[in-house]
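Structure at a glance
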Amino acid sequence: MFDRKKLGEIEKKKKEWVEGTLKKSLERFGVKESPNQFYSPLDIKDYDFLAKEGFPGTYPFTADIYPSAAPGSTHLPGSGHLMTGGGLVRAGQYSGYGTPEDTRDYYRGEIARGRRQGPNQAFDVPSQIGYDSDNTLVRGEVGKVGMDLDKIASNWTINGPLNIILAMYIALAEKRGIPQEKLRGTPQNDILKEFIARGTYIFPVKPSMRMVRDTIVYCNEHMPLMNTISICGNHMREQGATAAQALAFTICNLIAYIQLGMDAGLDVDDFVTRFSANHLSGSMDFFREIALQRATRRLWARTIKERFGAKNQRTCLYRPAQWARQGDYSCTVQRPLNNFTRAVIGGIAGALSGGNPGVVPPYDEPLGLGWSREALQLNEDARRIIQYEARLCDVQDPLAGSYYVESLTDEIEHEAEQIIARVDAQGGTVAAIEKGFIQQEIARSAYEYQRQVENGERVIVGVNAFTDENELEVLTNRLVPYPYDAAKRAQAEERQIANLAEVKRNRNNQTVKGTLKRLQMAAKDETVNLIPPILEAVRVYASIGEICGVLRDVFGEYHFQIRE
């Protein structure tokens, strides 16, 4: 793209600048190296606009996955709000508490106030690891965290027992006379990142991957509107992964999931269009987070096209819930209102990275689960100001062509490719997880990050710097009640145990035993898709704990250990 003769002139001028103007300035300050850097065309000598950037909505999607925003409709990520006008009806903010009835009532209130368009369901930990609420192992955890089915999209943040939840959703739709082919939604179902970072796994890696395969194959045949997976880099990032590691390991997981479908006889263009992504979390490194999103769009598309031979451009789209943002781990308990400033910086990065401004999380996130309405209002207004007053979303990929951002995009992509090659050399993601390779790599990065914080090399305002007695702890008053009913949350466990006991009393337990026996036999045959026998079981009210208990007996449980 750059004229070679002109590059030679620039290189000559740079040498003169380094040895003259810059050197004199550094000598004046008594330092040998500049504390900041300057980038020029020399840092992107081989930049090819069409090969590395392209126009929005065209391969390799570096600029944007869409050619333009949808006229008249703008979804503000994480808010659950839709601006007036046409467009997709999307699920709202990730949430859930207490019993199913409590969360249902909370959602209804949110929908009535215009704050939500469908559920984005948080499950309690017992559900995520396949236990019933009456199991003594999970006492004290039940209910913590936490419409017309063919008219909404439902999101479920659950992985190990996802197929059971999916079967329950199908059974509920059947009772309401809604065919499963009309159901739409997005299950998380990214079990590999559970082994790598989050920890709510149940079965060993290979049978767990079988369960993901079953989702992909079943939905491809029977539920064409249902996404089959939401691949998550954010949990690895929050666990300590660097930007390049989060990208690389996300792509490694993508490769493993695509291979599952292809090994089952599916064509890449037939099923990968139903893959979505969560996000890669972030940091306070503003330009690096913008470059990370650009590198991710490009590397995701290149991987699907070049490694798997996708012919449909839509197959190659990286479709995350959010773009650049700050990481939740960047929030601090100390001087919590500073988290709002951090979130706004992340929102600006989001706008400049090819998406809408994700001003997240609310400033009181580190003070406990559940956010105040005041914090949510600040975030909502910050998004609006970034978008409608500052108009930072008016131009797609506005930093395209920046010497620094293009160089940084290439750097992150190249580093991620090197990590992917190391995972390939281990035998792929499953083998790398079983050996503990990926977990150890992230642990090393987490240690290095913490070391830098503790020795002051990495400055965190109000934590390891600017903490003397002259600094103020600025607080806000709460103006509206806490969104979750504390009394209901405290009583949730006992109410849910009573509900479960009633279900087990009123169902035909002999029929349930028969379905569980057939599920056990099916689980022993690796070629059998388990969703049909699971669906048979939930239709007669077999519980998540009973079904997972059967599968535990066949598959065993996963226990992390490092293998040489």
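See above for the structure.
Residues numbered from 1 in each chain as written. Predicted model: local features only at pLDDT ≥ 70, side-chain atom pairs only at ≥ 80, totals over all residues. Heavy atoms only, no water.

Scanning the protein from terminus to terminus reveals 20 helices and seven strands. Per-residue burial for the protein yields a buried fraction of 52% across its 564 residues. (Helix = DSSP H or I, 4+ residues; strand = E, 2+ residues; numbered from the N terminus. Buried < 20%, exposed > 50% of the residue type's maximum accessible area, 1.4 Å probe, protein only.)

Sheet topology note: the strand β4 (residues 153-157)/strand β5 (residues 184-187) ladder contains four bridges and is parallel. By the bridge assignment for β5, Trp156 is matched with Pro187. Tracing the backbone out of β4, into helix α5 (residues 162-175) and back to the parallel element β5 gives a crossover that is right-handed. (Pairing = 2+ DSSP bridges. Right-handed = clockwise from strand over helix to strand, strands pointing away.)

With that settled, the discussion passes to unusual backbone geometry. Along the chain, Tyr59 connects to Pro60 via a cis peptide bond; the corresponding omega equals 10°. Cis geometry is adopted by the peptide bond preceding Pro361, which originates at Val360 and carries an omega value of -10°. Mapping Pro361 onto the fold places it in the loop between α12 (338-352) and α13 (373-389). Phi at Asn189 takes a positive value of approximately 60°, unusual for a residue other than glycine. With respect to the helices and strands, Asn189 occurs in the loop between β5 and α6 (191-198). A relative accessible area of 2% means that Asn189 is categorised as buried. Phi angles above zero are rare outside glycine, and Tyr541 is one such case at about 75°. Secondary-structure assignment places Tyr541 in the loop between α19 (531-539) and α20 (544-555).

Following both chains from N to C, one finds α6 and helix α9 (residues 243-263) inclined at 145°, their axes separated by 10 Å at the closest point. In the crossing of α6 with α9, the sense of the turn from one axis to the other is right-handed. Residues Ile191, Leu192, Lys193 and Ile196 of α6 lie in contact with α9, whose contacting residues are Asn253, Ala256 and Tyr257. (Axes fitted to C-alpha atoms, helices over the stretch in contact; angles between N-to-C directions. Left-handed = near helix turned anticlockwise from the far one by under 90°. Contact = heavy atoms within 4.5 Å.)

Looking now at the packing of aromatic side chains. What the rule picks out here adds up to 15 aromatic pairs. Centre to centre, the rings of Phe195 and Tyr201 are 5.3 Å apart; their planes meet at 10°, and the pair counts as stacked. Consider the rings of Phe203 and Phe555, whose centres lie 5.4 Å apart with planes at 80°: the pair is edge-to-face. Within this pair, whereas Phe203 is found in the loop between α6 and α7 (205-222), its partner Phe555 is found in helix α20, the two being separated by 352 residues in sequence. A residue is classified by how much of its surface remains accessible, and Phe203, at 1% relative accessible area, is buried. Ring-pair connections join several aromatic residues into one group, and the members of that group are Tyr39, Phe286, Phe287 and Tyr404. Here the basic side chain of Arg297 rests over the ring of Trp323, its NZ or CZ set 4.8 Å away from the ring centre. (Phe/Tyr/Trp six-rings, centres within 6.5 Å; stacked < 30°, edge-to-face > 60°. Lys NZ or Arg CZ within 6 Å of the ring centre and 35° of its normal.)

Here we take up the environment of Ser330. Counting through the fold element by element, Ser330 comes out in the loop between α11 (286-308) and α12. With relative accessibility at 9%, the residue Ser330 sits in the buried group. A C-alpha to C-alpha distance of 10.0 Å links Ser330 and Pro361, two positions 31 residues apart in sequence. If sequence neighbours within four positions are ignored, Ser330 has contacts with Gly282, Ser283, Met284, Asn339 and Arg342.

This next bit is on the nonpolar core. Counting residues in each nonpolar core, the largest one holds 63 residues, and the members touching the most others are Met209, Tyr257, Ile258, Phe275 and Ile304. Of the residues forming this core, the biggest block, 14 residues, is contributed by α9. Grouped together as the second largest cluster of nonpolar side chains are 38 residues, Leu162, Ile178, Leu530 and Val550 included. (Core = buried A, V, L, I, M, F, W, Y, C linked by side-chain atoms within 4.5 Å.)

Here we take up the side chain of Asn529. Position of Asn529 among the secondary structure elements: in the loop between α18 (509-523) and α19. Of the polar contacts made by the side chain of Asn529, one reaches the backbone oxygen of Asp214; its length is 3.1 Å. There is a polar contact of 3.0 Å between the side chain of Asn529 and the backbone nitrogen of Ile531. (Polar contact = N/O pair within 3.5 Å; in protein donor to acceptor, adjacent residues only side chain to side chain.)

The next point concerns the pattern of salt bridges. Should their charged atoms come close, side chains of opposite charge can pair. In the structure shown here, the tally under the stated rule is 34 salt bridges. A salt bridge links Lys13 to Glu16; the nearest nitrogen and oxygen atoms lie 3.8 Å apart. Linking Lys13 with Glu16, this pair stays in helix α1 (residues 4-29), spanning three residues, or about one helical turn. With a relative accessible area of 42%, Glu16 lands in the partly exposed category. The residue Arg552 makes a salt bridge to Glu557 at a minimum N-O spacing of 2.7 Å. Each member of the salt-bridge network shares a partner with another, and the members are Lys52, Arg298, Arg302, Glu306, Asp410, Glu413 and Glu417. (Salt bridge = Lys/Arg side-chain N within 4 Å of Asp/Glu carboxyl O.)

A word on a nonpolar patch on the surface. A contiguous nonpolar patch, built from Trp17, Val18 and Phe38 and spanning about 320 Å² of accessible area, is present on the exposed surface. For Phe38, the location among the structural elements is in the loop between α1 and α2 (49-53). On the basis of relative accessibility, which here comes to 62%, the residue Phe38 falls in the exposed class. (Patch = residues over 30% accessible without salt bridge, like charges linked within 9 Å, V, L, I, M, F, W, Y side chains within 5 Å. Areas by Shrake-Rupley, 256 points an atom, 1.4 Å probe, with all protein chains shown as cover.)

Here we take up α11. Spanning 23 residues, α11 covers 33 Å between terminal C-alpha atoms, matching the ideal 33 Å at 1.5 Å per step. Downstream of α11 by one or two residues, Gly309 has phi in the positive range, about 75°. (Expected span 1.5 Å × (residues − 1).)

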